[in-house]
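Below are the chains, spelled out letter by letter.
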Amino acid sequence: MLITEMPSHAVPIRSGLFQAVPRNVIVLPVLFEDQVKAVIELASLGNFTASQLAFLEQLTSSIGSVLNSIEATMQTEGLLVAVSALATELQTQQK
């Protein structure tokens, strides 16, 4: 979703040097296999160009793959911890 006309009461972009109402805001879903993994919201003081929008769309696809890999790795690690605990418990019971 690209918002090109920001209302005057929009939350300003702030830095250590200035604050200003953004000119454009883009909200991009981060997808993996049609499942939303995250949402990225970016504000700009200028207009987003067509090449920037294309880049951001490609980037969100890559981020979706990375987030899915991280999620799968975390699930695998959780299973390994559970299996290790069960193996320790079984060894204790056998003794």
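All figures in this text were calculated on a predicted structure; none of them were measured in a lab. (Residues numbered from 1 in each chain as written. Predicted model: local features only at pLDDT ≥ 70, side-chain atom pairs only at ≥ 80, totals over all residues. Heavy atoms only, no water.)

### Things to note about helix H1 (residues 50-94)
Turning to step 1, where the next piece is worked out: Here H1 spans 66 Å end to end across 45 residues, near enough to the 66 Å set by a 1.5 Å rise per residue.
Turning to step 2, where the next piece is worked out: Those residues of H1 not exposed but buried are Leu53, Leu56, Thr60 and Gly64.
Turning to step 3, where the next piece is worked out: Contact partners of the buried residues in H1: strand S1 (2-3), strand S4 (24-32) and strand S5 (35-44). (Helix = DSSP H or I, 4+ residues; strand = E, 2+ residues; numbered from the N terminus. Expected span 1.5 Å × (residues − 1). Buried < 20%, exposed > 50% of the residue type's maximum accessible area, 1.4 Å probe, protein only. Contact = heavy atoms within 4.5 Å.)

### Observations concerning unusual backbone geometry
Generally, phi is negative for residues other than glycine and the peptide bonds are trans, each holding for most cases.
Turning to step 1, where the next piece is worked out: Phi angles above zero are rare outside glycine, and Glu33 is one such case at about 50°.
Turning to step 2, where the next piece is worked out: With respect to the element layout, Glu33 can be found in the loop between S4 and S5.
Turning to step 3, where the next piece is worked out: Using a relative accessible area of 68% as the deciding quantity, one classes Glu33 as exposed.
Turning to step 4, where the next piece is worked out: With a phi close to 60°, Asp34 is a non-glycine residue in the positive phi region.

### Things to note about the environment of His9
Turning to step 1, where the next piece is worked out: In this fold, His9 is placed in the loop between S1 and strand S2 (13-14).
Turning to step 2, where the next piece is worked out: A relative accessible area of 67% places His9 in the exposed class.

### Side note on the pattern of salt bridges
Turning to step 1, where the next piece is worked out: Under the defined criterion, the tally for this structure stands at one salt bridge.
Turning to step 2, where the next piece is worked out: Its salt-bridge partner being Glu71, residue Lys37 comes within 2.5 Å of it at the nearest N-O pair. In this pair, Lys37 sits in strand S5 while Glu71 sits in helix H1, placing the two residues 34 residues apart along the sequence. (Salt bridge = Lys/Arg side-chain N within 4 Å of Asp/Glu carboxyl O.)

### Notes on the side chain of Thr60
Turning to step 1, where the next piece is worked out: With respect to the element layout, Thr60 can be found in helix H1.
Turning to step 2, where the next piece is worked out: Classification of Thr60 as buried rests on a relative accessible area of 8%.
Turning to step 3, where the next piece is worked out: A polar side-chain atom of Thr60 sits 2.8 Å from the main-chain carbonyl oxygen of Glu57.
Turning to step 4, where the next piece is worked out: Sequence-distant contacts of Thr60, that is, excluding residues within four places in its chain, are made with Leu28, Pro29, Val30, Leu31 and Ile40. (Polar contact = N/O pair within 3.5 Å; in protein donor to acceptor, adjacent residues only side chain to side chain.)

### With respect to the sheet that holds S4
Turning to step 1, where the next piece is worked out: Spatial ordering of the open sheet is given by S1-S4-S5, a layout of three strands whose pairing is antiparallel. Each of the sheet's edge strands pairs with one partner strand only, and the pair in question is S1 and S5.
Turning to step 2, where the next piece is worked out: By the bridge criterion, nine bridges tie S4 to S5 in an arrangement that is antiparallel. Paired with Val25 across the strands is Ala43, a residue of S5.
Turning to step 3, where the next piece is worked out: Running at roughly 40° to S4, H1 makes contact with S1, S4 and S5 of the sheet. (Pairing = 2+ DSSP bridges. Axes fitted to C-alpha atoms, helices over the stretch in contact; angles between N-to-C directions.)

### Regarding the environment of Ile13
Turning to step 1, where the next piece is worked out: Tracing the chain through its elements places Ile13 in strand S2.
Turning to step 2, where the next piece is worked out: By relative accessible area, Ile13 is classed as partly exposed at 24%.
Turning to step 3, where the next piece is worked out: Separated by 31 residues in the primary sequence, Ile13 and Ser44 have C-alpha atoms spaced 8.4 Å apart.
Turning to step 4, where the next piece is worked out: Leave out the neighbours within four places in its chain, and Ile13 touches Phe18, Gln19, Ala20, Pro22, Ala43, Ser44 and Leu45.

None of the figures reported here should be taken as evidence of function without further support.
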